[in-house]
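# Overview (structure and organization)
The residues making up each chain are set out below.
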Amino acid sequence: MHTSALVLFSGGQDSTTCLAQALSKYQRVETVAFDYGQRHKVELEARLNVLREIKTQFPHWAHKLGEDHLLDLAVLGQVSDCSLTRDVAFKMESSGLPNTFVPGRNLLFLTLAAALAYRRDLQVLVTGVCETDFSGYPDCRDDTMKAMQLALSLGMDKRFLIETPLMWIDKADTWALAHSLGGAPLVDLIVEHTHTCYLGDREHRHAWGYGCGECPACELRARGFGAYAATLPNAPV
Ligand code: ZN
């Protein structure tokens, strides 16, 4: 019986939804993020705002929400050369992967998260990776997660479960999942406080939240929110 979880929590829509689900399932939940010279400190601020709002607005979850961990992963900037760690424009590479792809990043994240979970005696690692995303990062695929679960469990001699609640759902369903977990207040919290935009734009407010509205991350979030909103009873026709 699993009772405790460590959520890989970036402060975006996906990981916030995963955090809400973990809080609805487990007795003890901690969060972890990685600072690797992201171009936008706005992401790291967003996660603190989300944690604060969850504690304020969801008292039945607040008491389960334990320590938040921020691990310095500056070394990732030394080994990678991508648009998330350097000031270059987003584009698709000839490999078919976007230049936001940092080889091995998610493998590193999971390994460090497992080491932390080991020390904190947390059983489940929760991550918002998704195969239906446009990006198709190979280190976010279901097979990779299953292989990591086995490797980490064997390598640390501790049974870890890697949970991926968003693996097979699209962005519209992610909004719907948030609604099913925390109703309109959670959807509103995600709109207002989570951050997704690659450009770090917190100036332009849309129905789906803040962002430039044009980068691939904004487009995906906006399209998903539009599809979700259209399913609501009071949706405009
Ligand atoms: Zn954007």
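See the structure printed just above.
Attention here is on the structure that accompanies the text. All residue numbers refer to position in the chain's written sequence, counted from 1. The predicted origin of the model limits local features to residues at a pLDDT of at least 70 and limits the giving and counting of side-chain atom pairs to 80 or more, whereas totals for whole chains, interfaces and linings rest on all residues. As a rule here, side-chain values cover all heavy atoms of the structure and leave hydrogens and water aside.

Negative phi values dominate among residues other than glycine, just as trans dominates among peptide bonds. A positive phi angle is found at aspartate 121, which is not glycine, with a value near 55 degrees. With respect to the helices and strands, the residue aspartate 121 is situated in the loop between helix H5 (105-120) and strand S4 (124-126). Accessibility here uses a 1.4 Å probe with only protein chains present; expressed as a share of the type maximum, an area under 20% marks a residue as buried, one over 50% as exposed, and anything in between as partly exposed. For aspartate 121, a relative accessible area of 49% translates into the label partly exposed. In the Ramachandran plot, aspartate 157 falls in the positive-phi region, its phi being about 50 degrees despite a non-glycine side chain. Locating aspartate 157 in the fold gives a position in the loop between helix H6 (142-155) and strand S5 (161-163). Judged by relative accessible area, aspartate 157 falls into the exposed class, the value being 72%. The helix and strand labels rest on DSSP assignments: H or I over at least four residues marks a helix, E over at least two residues marks a strand, and numbering proceeds from the N terminus.

Before going further, it helps to spend a moment on helix H2 (residues 41-57). By this rule, a helix spans an expected 1.5 Å times one less than how many residues it contains. A rise of 1.5 Å per residue sets the reference length of H2, with its 17 residues, at 24 Å; its end C-alpha atoms lie 24 Å apart and thus fit the reference within 8%. Among all positions of H2, only Val42, Glu43, Leu44, Ala46, Arg47, Val50, Leu51, Glu53 and Ile54 are buried. On its buried face, H2 sits against helix H1 (13-25), strand S2 (28-35), helix H3 (59-62), strand S3 (65-72) and helix H7 (171-193). Here a residue-residue contact requires only that any non-hydrogen atoms of the pair lie within 4.5 Å.

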